[in-house]
Amino acid sequence: MLFDNCGRPTLNLRVSLTQRCNLKCIYCHAEGQIPSSGSTEMTVEEVVQIVSVAVSLGIRRVKLTGGEPLLRPDIVDVVRGLSGISGLQDLSMTTNGTRLSTLAMPLLEAGLMRVNINLPSLDDATYRSLNGGDLRETLGGVEAAVKAGLSPVKLNMLILRGVNEHEIDSMIEFAKKAGVILQLLELEPLRVSDPYYLRYHYLLDAVEENLRRRALRVRTRGDMQSRRVYSLPGVEVEVVHPVENTEFCAHCTRLRLTSDGKLKPCLMVGSNLVDVLTPLRSGVGDEVLRELFVAAVKRREPFYRSLK
């Protein structure tokens, strides 16, 4: 297992498969990757080799992201290749869900275990204004994922002030009826303008207090930035509250791999990446890749630090 200089283990790897997306979410942080035209994408074989090295170093959970990972025509092959890696305990994906209606079952059969689906609103007009998409496609994807057994299905609801905070209760009820988990996400100051962030950032403290009063049980996910999960009658609600949250950073166990093959130690920092794809394509072996992983992990440090 790899530990950074702050003693935090590295257990999770988020793998971005593409920068491309079929929606246009203004607030998308794209895993902190700097957008570029004609950016290189890793092949199936390259993704599998790099993740295999990660697993050999103690990483046990992999999440496929983007962009929109389902735009990859070889996405089922990617999942099949990764699911065959010995020692990998959890393989999941974050998606906008618009293509899940036809892909949920093939992905499950290839070895995908679970999905997170971005769903900022249940209102057609609000949904369309946020990303230009068709709400029906995403709702169809949610239904297909549940039916296929990609369990648990989690809904990611990014809360924006004056836009959708009034929908939280209705989204909780929807999650309950659909048999899925709801995650409430806080807008982060990444790849959005300062005026946009100041206008739409919505503190989740009051939301969490309300959930705490209503919860039958509250637990903390120590392996995932100490997030709190609120068990309400018939549904679970998880709150992702990272901004200026020193506890969140102190318990981060995550490393990222960009779609063009660079290890990214922190979502919020773009200046300390470690290129693994270029060496791989030049013919280096797994031992060199392991050394690059070690170097990347040594660059991990909490973005929001305690003043103690």
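Our subject is the structure listed above.
Bear in mind the structure is a predicted one, so any value in this text is a computation, not a measurement.

**Structural notes on the pairing of strand β8 (residues 227–232)**
For β8, the buried fraction is high: five of the six residues fall into the buried class. Bridge count for strand β7 (residues 217–221) against β8 is five bridges, and the pairing is antiparallel. If you follow V218 over to β8, its bridge partner there is Y230. Pairing geometry for β8 and strand β9 (residues 235–240), over five bridges, is antiparallel. Of the residues in β9, the one forming a bridge with Y230 is V237. The turn joining β8 and β9, which pair antiparallel and follow one another in sequence, is formed by two residues; a positive phi near 85 degrees is taken by G234.

**Quick notes on the nonpolar core**
By size, the foremost hydrophobic cluster in this structure holds 76 residues, and its most contacted members are V15, L64, I75 and L107. At eight residues, the largest contribution of residues to this core is made by helix α1 (residues 44–56).

**Points about the environment of Y27**
Considering the arrangement of structural elements, one finds Y27 in the loop between β1 (12–16) and α1. Owing to a relative accessible area of 13%, Y27 belongs among the buried residues under this scheme.

**Some thoughts on the state of the cysteines**
Disulfides are covalent bonds that link the sulfur atoms of two cysteine residues. Applying the stated rule across the entire model yields zero disulfides. The structure places no disulfide on C25, whose sulfur is separated from the nearest cysteine sulfur, that of C21, by 6.1 Å.

About the cut-offs
- Residues numbered from 1 in each chain as written.
- Predicted model: local features only at pLDDT ≥ 70, side-chain atom pairs only at ≥ 80, totals over all residues.
- Heavy atoms only, no water.
- Buried < 20%, exposed > 50% of the residue type's maximum accessible area, 1.4 Å probe, protein only.
- Helix = DSSP H or I, 4+ residues; strand = E, 2+ residues; numbered from the N terminus.
- Pairing = 2+ DSSP bridges.
- Core = buried A, V, L, I, M, F, W, Y, C linked by side-chain atoms within 4.5 Å.
- Disulfide = S-S within 2.5 Å.

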